[in-house]
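Residues per chain, in single letters:
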Amino acid sequence: MAEHGDPSFHRHIAIAEIWGLLGLRLADDPILPFNYLSYATQLHEHATALDVLLDEGISLQLLNTSIDELTAAIREAVEEVQKLQEAKDTGYFASLRRRAFNDRLMLAERGFLEAEGLKGRPWFKHLLYSPPEDFESKLSFFPGIADAISQAAQSTGKEAHSSLQHEIWRVARAIQRAAAALRGELI
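Bear in mind the structure is a predicted one, so any value in this text is a computation, not a measurement. (Residues numbered from 1 in each chain as written. Predicted model: local features only at pLDDT ≥ 70, side-chain atom pairs only at ≥ 80, totals over all residues. Heavy atoms only, no water.)

Would you mind showing me how to read a nonpolar patch on the surface here?
Together, I15, I18, W19, L22, L26, F34 and M106 line one region of the surface with nonpolar side chains, adding up to about 670 Å² of accessible area. If you tally residues by element for the nonpolar patch, the top one is helix α1 (residues 10-28), at five residues. (Patch = residues over 30% accessible without salt bridge, like charges linked within 9 Å, V, L, I, M, F, W, Y side chains within 5 Å. Areas by Shrake-Rupley, 256 points an atom, 1.4 Å probe, with all protein chains shown as cover. Salt bridge = Lys/Arg side-chain N within 4 Å of Asp/Glu carboxyl O. Helix = DSSP H or I, 4+ residues; strand = E, 2+ residues; numbered from the N terminus.)

Is there a simple way to think about helix α2 (residues 36-53) in this case?
In an α-helix, one turn spans 3.6 residues; hence positions three or four apart end up facing the same way. For α2, with 18 residues, the first-to-last C-alpha span of 26 Å sits near the 26 Å given by 1.5 Å per residue. Among all positions of α2, only Y36, Y39, A40, L43, H46, A47 and L50 are buried. Buried residues along α2 cover an arc of 120° about the axis, so they all sit on one side. Across from the buried face of α2, at angles greater than 90 degrees, the exposed residues are T48 and V52. (Expected span 1.5 Å × (residues − 1). Buried < 20%, exposed > 50% of the residue type's maximum accessible area, 1.4 Å probe, protein only. Arc of directions from axis to C-beta.)

How do you make sense of the packing of aromatic side chains when you look at a structure like this?
One pair of aromatic rings is described through two measures. These are the centre distance and the angle between the planes. Scanning all chains against the criterion turns up seven aromatic pairs. Arranged with centres 6.0 Å apart and planes meeting at 80°, the rings of F34 and Y36 form a pair that is edge-to-face. With a relative accessible area of 38%, F34 lands in the partly exposed category. Look at Y36 and you get buried, because its relative accessible area is 7%. For the pair F141 and F142, a centre-to-centre distance of 5.3 Å together with 85° between the ring planes defines the contact as edge-to-face. (Phe/Tyr/Trp six-rings, centres within 6.5 Å; stacked < 30°, edge-to-face > 60°.)

Help me understand the packing of helix α5 (residues 143-154) against helix α6 (residues 158-183) in this model?
The packing of two helices is summarised by the inter-axis angle and the distance between the axes. Across the interface, α5 lies against α6 with an axial gap of 9 Å and an inter-helix angle of 175°. One finds that α5 runs roughly antiparallel with respect to α6. Mapping the contact onto sequence places G144, I145, A148, I149 and A152 in α5 and A160, S163, L164, E167, I168 and V171 in α6. Class assignment for the residues of the contact of α5 with α6 results in eight nonpolar, two polar and one charged. (Axes fitted to C-alpha atoms, helices over the stretch in contact; angles between N-to-C directions. Parallel < 35°, antiparallel > 145°, perpendicular 65-115°, else oblique. Contact = heavy atoms within 4.5 Å. Nonpolar A, V, L, I, M, F, W, Y, C, P; charged D, E, K, R; others polar.)

Please explain the confidence of the model for the chain as it appears in this structure.
Caution applies to low-pLDDT regions: their predicted coordinates should not be interpreted in detail. For the chain, per-residue confidence averages 88 on the pLDDT scale, and 99% of positions sit at 70 or higher. When the elements of the chain are averaged for pLDDT, α5 gives the smallest value, 84, and helix α3 (residues 61-86) the largest, 93. (pLDDT = per-residue confidence, 0-100.)

Teacher, can you tell me more about the packing of α2 against α3 here?
Relative to each other, α2 and α3 sit at 165°, their axes nearing to 9 Å. In terms of their interaxial angle, α2 and α3 are classed as roughly antiparallel. Crossing angle aside, the handedness with which α2 passes α3 is left-handed. Residues Y36, L37, A40, L43, H44, A47 and L50 of α2 touch α3, and the partners they reach there are L63, N64, I67, D68, L70, T71, I74, R75 and V78. Each residue belonging to the contact of α2 with α3 can be placed in one class, and the counts come to 11 nonpolar, three polar and two charged. (Left-handed = near helix turned anticlockwise from the far one by under 90°.)

Any chance you could explain the environment of V81 here in plain terms?
With respect to the helices, strands and loops of the structure, V81 is situated in helix α3. In the structure, V81 is positioned 101 residues away from L182 in sequence and 12 Å away in space, judged by C-alpha atoms. In this structure V81 touches I31 and F101, once residues within four positions along its chain are discounted.

Mind showing me how you'd approach unusual backbone geometry here?
Most of the time, phi is negative for any residue but glycine, and the peptide bond is trans. Its identity as a non-glycine residue notwithstanding, F9 has a phi of 60°, on the positive side. Along the polypeptide, F9 turns up in the segment before α1. Of note, the phi angle at F142 is positive, near 45°, even though the residue is not glycine. Here F142 shows up in the loop between α4 (92-110) and α5. For F142, a relative accessible area of 0% translates into the label buried.

Any chance you could explain the nonpolar core here in plain terms?
When a protein is soluble and globular, its nonpolar side chains tend to lie buried together. L63, L70, F142, I175 and L182 are the most contacted members of the largest nonpolar core, which has 41 residues in total. Contributions of two or more residues to this core are made by α2, α3, α4, α5 and α6. In this structure, L63 is in contact with A47, L50, F142, I168, V171, A172 and I175, ignoring residues within four places of it in sequence. (Core = buried A, V, L, I, M, F, W, Y, C linked by side-chain atoms within 4.5 Å.)

What follows is the structure in structure tokens.
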């Protein structure tokens, strides 16, 4: 590092300051500053881009429905944030409500994780954003689907189609888990 990477360690200092500020913000804010509306917008854009790449025989209806469900849950959460921030109550029950809401935000992000990980790469657990197996892939999102598209291009038949549809189902299910967590539902 001293010779090639960051000889004066300016980048290290800058990154440490950013992480320190982020830690302070997360520790001091009564409600976690997560912006899930941008997440929903991004997922809609990803689904649209994916639809362009796929054959007509592949259905994205379940994926689009789950994204719409997540968007509705996010809008409900945004309304709840506004109510929690406007509330003048600072007592014990108000802090419990904020804590429960923060827990739901964290559980929503965990909903995008799959315990088994990606097919062939179990160390990658996030079904929305992980590096694709094929680095020439046109997708920087939905890595399991990207991998299935690459594999389907190399093979033919019903197995490739069902593998791709299965990966779409896994992503849709993860998005549904996140929406349920935002609503406070048990899965």
